[in-house]
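Below are the chains, spelled out letter by letter.
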Amino acid sequence: MSKSSVNSARLAALSMLEAVLDKGTNLGDAEGGLLHADPRDQAQARHLAYGVTRWLTALDWLAAKLLQKPLKRRDQDIHRLILLGLFELWKGGSSPHAAINETTESARKLGKPWAVALINAILRRFQREQEAWLKELDSKEERFAHPDWLLRQLKADWPDDWMEIMKANNHAAPLWLRLNQNHAISGTIVALEKEGFSVARHPLVSGAVKISPAAAVNALPGFGQGLFSVQDPAAQLAAELLEVSDNLRVLDACAAPGGKTCHILECAPGAALTALDRSTERLALIDENIKRQGLVDCSHIKLLAADASKPDSWWDGSPYDRILLDAPCSATGVIRRHPEIKWLRSPQQVRNAINMQSRLLDRLWPLLKPGGILLYATCSVLKDENSRQIRQFIERRTDGKPIDLAAEWGRELEFGRQILPGDQEMDGFYYAVLHKHA
Amino acid sequence: MAKLEILETPDARLKTVAKPVEIFDDELSRLVEDMIETMYEAQGIGLAATQVNVHKRLLVLDVSDNQDTPRVYINPEIIGSEGSETCEEGCLSVPGIYAEVSRAEKVRVAARDRDGNPFEEDLDGMHAVCLQHEIDHLNGKLFIDYLSPLKRRMVIKKLEKQRKIAGEKPAGTVF
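Source: prediction; values computed, not measured.

> Sorry if this is basic, but what is going on with the sheet that holds strand 4 (residues 228–230) of chain A here?
As a general point, the strands of a sheet are linked pairwise by backbone hydrogen bonds and lie either parallel or antiparallel. Residue and element names in this part refer to chain A. Strand order in the open sheet formed by four strands is 2-3-1-4, and the pairing between neighbours is antiparallel. The open sheet has two free edges, formed respectively by strand 2 (198–201) and strand 4, since each of these has just one partner strand. Ignoring strand direction, the axes of neighbouring strands in this sheet form an average angle of 35°. On top of the sheet, helix 10 (residues 185–194) reaches strand 1 (175–179), strand 2, strand 3 (208–212) and strand 4; it is set at about 145° to strand 2, its chief contact.

What follows is the structure, given as structure tokens:
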């Protein structure tokens, strides 16, 4: 049997890219195709596919410069192999020799032996003249590897920070855990360190620890026992901001996959919590998470597959003390985790999300008790979804008032607080706490 | 030690069914060493005697990460198997062609070592795939024989085309 059939990382990365760029699948789902590969090939395929997705337009620019004429549409696979090879040479990982050889060999495996010499020539030329090409790239907007509409929007929304935001977007995010406070945290940390992981606590978010090197979460000791969950520190702020306690009626309006739901239950096991999500499948994830974390004793949990924007169809008529609206959004704050968002999201989809957010605010607000709190959250960095959305809501309603959040994290906006991606190593997140007049 | 020539499809000798090894002597030992050297030289992870035109039931393989653990199976027989798994395979006798083949996920094999001592082993993963692939060679069978007739025809055409252009200057070079 021949060896090359074992190292199939590049071809696996290529099929992940095809799933993402041609079919609009997200990278996480595209990984499903890797299940049969050798674990080391899987890790490498993931590294390559995420890397090329992250730097797509920069790599395209380099490839266009190095190719004398663009490849034909039917040779898109060869074009993408070139991007994979350029990424490896530019951003490192394997030795240049291996990168070039294995990329060219992949063309042979695709049944396109004519491309072997072409890929070889392009990659070797890039290797020789790398410095000059990268210097030229540095004067082009392609170096940010963001779509034009997003680049323009970030410049408009964040005239002082847009460049930092894009840099942070292009950095892979660390692995953050939220330690389950109902177990001895020090014991969990010791168990992780014993397995050779280094564990660092977040300076501002008490249950958050950073794990390096990053690993598959189910490979970490204690995951199955519910000692921790994977959650960015920015998302861990929600439960605290919501000021939950036992006996309060709490609505988690867009709950799946349930990270914040479980956190709320952890802080207030006696809360009467209703968790909603439109998708039955995703609702099952919440159930799974609750069970894994041993929160099944919380007897007042109600999981509903329902559309939060249509309370007539599911609301029992008793108002809530707390509402968490973790609204559907552009997800432009988590690009560092999901680089495909840059290419899959369209301005029209963002407009749809903005409309949905204001509809959800308007429909859920009447369900809040006077004196109650609605926490509005997004993982977006766009002001139309965040402070401008809340300003418009305040202008529409006379019985709502945003509470000033005096906090060390993020930055204060006209309404609410924004964490930009990379701030204290967190994801981009927005929070506004709305208080309803008694 | 010597590097041996590897037969390539459509060579009819690849269809020979190999005969059991009966004599475990120095000559056999030399063949084993030459096959291991040939396998490493060709960047293979497995090689059956059939592929080097020796029609004895003997195969070598090495699926270790560092390619430093050669294994020898003489008169191998699969005496138990379970599960099924699909894996992309390639073959030193079918250069440049890779295709998915379904095989048993786990196998139990009975064989002899190069001194003739019998042993049994449970294999899984790439080790199991490779062993089944090499035993097929001893029975005159190639992995492309598992493909649908249409796919197989495409593979054979591809091989012919590859052979034709192998001597020519590659097309599409920009410099």
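And the narrative resumes.
> Looking at this model, I keep getting lost on the state of the cysteines. Mind explaining?
Each disulfide consists of one covalent bond between the sulfur atoms belonging to two cysteines. What the rule picks out here adds up to zero disulfides over all chains. Among the cysteines around Cys329(A), which has no disulfide bond, Cys379(A) carries the closest sulfur, lying 3.5 Å off.

> It is not clear to me how the nonpolar core should be interpreted in this structure. Could you clarify?
Note on soluble globular proteins: their nonpolar side chains tend to be buried together. Residue and element names in this part refer to chain A. Counting residues in each nonpolar core, the largest one holds 85 residues, and the members touching the most others are Leu 154, Leu 325, Leu 374, Tyr 376, Ile 390 and Tyr 431. Three or more residues apiece are contributed to this core by two domains, here domain 2 (175–230) and domain 3 (233–436). Sequence-distant contacts of Leu 374, that is, excluding residues within four places in its chain, are made with Ile 323, Leu 325, Leu 361, Trp 365, Leu 368, Ala 432, Val 433 and Leu 434. Among the nonpolar cores identified, the runner-up in size contains 47 residues, and Ala 12, Val 20, Leu 84 and Trp 133 belong to it.

> Got a minute to help me understand the packing of helix 11 (residues 233–241) of chain A against helix 12 (residues 259–267) of chain A in this structure?
When two helices pack together, you describe them by how their axes are tilted relative to each other and by the distance separating the axes. Residues and elements named next belong to chain A. Two elements in contact, helix 11 and helix 12, have axes separated by 9 Å at closest approach and are oriented at 45°. By the angle between their axes, helix 11 is oblique relative to helix 12. Judged by the sense of rotation from one axis to the other, the crossing of helix 11 with helix 12 is right-handed. Residue-level contacts link Ala 235, Gln 236, Ala 238 and Ala 239 of helix 11 to Lys 260, His 263, Ile 264 and Cys 267 of helix 12. Split into classes, the residues belonging to the contact of helix 11 with helix 12 amount to five nonpolar, two polar and one charged.

> Could you clarify how one ought to interpret the domain arrangement of chain A in this entry?
Put simply, an interface is often sized by how much accessible area is lost when its parts join up. Along its sequence, chain A is organised into domain 1 (3–145), domain 2 (175–230) and domain 3 (233–436). Taking the mean C-alpha position of each, domain 1 of chain A and domain 2 of chain A sit 34 Å from one another.

> How should I be thinking about the pattern of salt bridges in this particular structure?
Any two side chains of opposite charge can pair, given that their charged atoms come close. Residues and elements named next belong to chain A. Applying the stated criterion across every chain, the model contains 40 salt bridges over all chains. Across the pair Arg 10 and Glu 88 runs a salt bridge, and its minimum N-O distance is 2.9 Å. Taken together, the positions of Arg 10 in helix 1 (residues 9–23) and Glu 88 in helix 5 (residues 76–91) put the pair 78 residues apart, joining distant regions of the chain. Residue Asp 232 pairs with Arg 336 through a salt bridge whose shortest N-O separation is 3.1 Å. Of this pair, Asp 232 sits in the loop between strand 4 and helix 11 while Arg 336 is found in the loop between strand 8 (320–326) and helix 14 (341–344), placing the two residues 104 residues apart along the sequence. If you follow the salt bridges from partner to partner, you end up with Asp 232, Arg 336, Arg 337 and Asp 427 in one network.

> When you look at the packing of aromatic side chains in this model, what are you seeing that I'm missing?
To describe a pair of aromatic rings, one takes the distance between the centres and the angle between the planes. Residue and element names in this part refer to chain A. Evaluated as defined, the whole model comprises eight aromatic pairs over all chains. Ring geometry for Phe 223 against Phe 228: centres 6.1 Å apart, planes inclined by 40°, an arrangement best described as tilted. Ring geometry for Tyr 376 and Tyr 430: centres 6.2 Å apart, planes at 70°, overall edge-to-face. Of this pair, Tyr 376 sits in strand 9 (residues 368–378) while Tyr 430 sits in strand 13 (residues 429–436), and the two are 54 residues apart along the sequence. In this structure Tyr 430 comes out as buried when scored by relative accessible area, which is 0%.

> Is there a simple way to explain the packing of helix 4 (residues 56–66) of chain A against helix 5 of chain A in this structure?
Residues and elements named next belong to chain A. Closest axis-to-axis distance for the helix 4/helix 5 pair is 9 Å, and the angle between their directions is 105°. One element, helix 4, and the other, helix 5, form an angle in the roughly perpendicular class. In contact with Leu 56, Ala 58, Leu 59, Asp 60, Leu 62, Ala 63 and Leu 66 of helix 4, helix 5 contributes His 79, Ile 82, Leu 83, Leu 86, Phe 87 and Trp 90. Classifying every residue of the contact of helix 4 with helix 5 by side-chain character gives 11 nonpolar, one polar and one charged.

> Before we go on, may I ask you to explain the side chain of Arg10(A) in this structure?
Taking relative accessible area as the criterion, Arg10(A) reaches 2% and is therefore assigned buried. Within the local environment of Arg10(A), its side chain forms a polar contact with the side chain of Glu88(A), the two groups lying 2.9 Å apart.

> How should I be thinking about the side chain of His79(A) in this particular structure?
Here His79(A) shows up in helix 5. Here His79(A) is in contact with Asp60(A), Ala63(A), Leu67(A) and Leu71(A), once residues within four sequence places are set aside.

> Hey, could you run me through the environment of Ala219(A) in this one?
The topology assignment puts Ala219(A) in the loop between strand 3 and strand 4. The spacing of Ala219(A) and Pro233(A) is 14 residues in sequence and 21 Å in space, taken between C-alpha atoms.

> Looking at this model, I keep getting lost on the pairing of strand 3 of chain A. Mind explaining?
All names here are of chain A. Sheet topology note: the strand 1/strand 3 ladder contains four bridges and is antiparallel. Bridge assignment links Arg 178 to a residue of strand 3, and that residue is Ala 208. Pairing geometry for strand 2 and strand 3, over four bridges, is antiparallel. When the sheet's bridge partners are listed, Ala 200 is paired in strand 3 with Lys 210.

Calculation rules
- Residues numbered from 1 in each chain as written.
- Chains lettered and ligands numbered in written order.
- Predicted model: local features only at pLDDT ≥ 70, side-chain atom pairs only at ≥ 80, totals over all residues.
- Heavy atoms only, no water.
- Pairing = 2+ DSSP bridges.
- Helix = DSSP H or I, 4+ residues; strand = E, 2+ residues; numbered from the N terminus.
- Axes fitted to C-alpha atoms, helices over the stretch in contact; angles between N-to-C directions.
- Contact = heavy atoms within 4.5 Å.
- Disulfide = S-S within 2.5 Å.
- Core = buried A, V, L, I, M, F, W, Y, C linked by side-chain atoms within 4.5 Å.
- Buried < 20%, exposed > 50% of the residue type's maximum accessible area, 1.4 Å probe, protein only.
- Domains from an automatic or database assignment.
- Parallel < 35°, antiparallel > 145°, perpendicular 65-115°, else oblique.
- Left-handed = near helix turned anticlockwise from the far one by under 90°.
- Nonpolar A, V, L, I, M, F, W, Y, C, P; charged D, E, K, R; others polar.
- Salt bridge = Lys/Arg side-chain N within 4 Å of Asp/Glu carboxyl O.
- Phe/Tyr/Trp six-rings, centres within 6.5 Å; stacked < 30°, edge-to-face > 60°.
- Polar contact = N/O pair within 3.5 Å; in protein donor to acceptor, adjacent residues only side chain to side chain.

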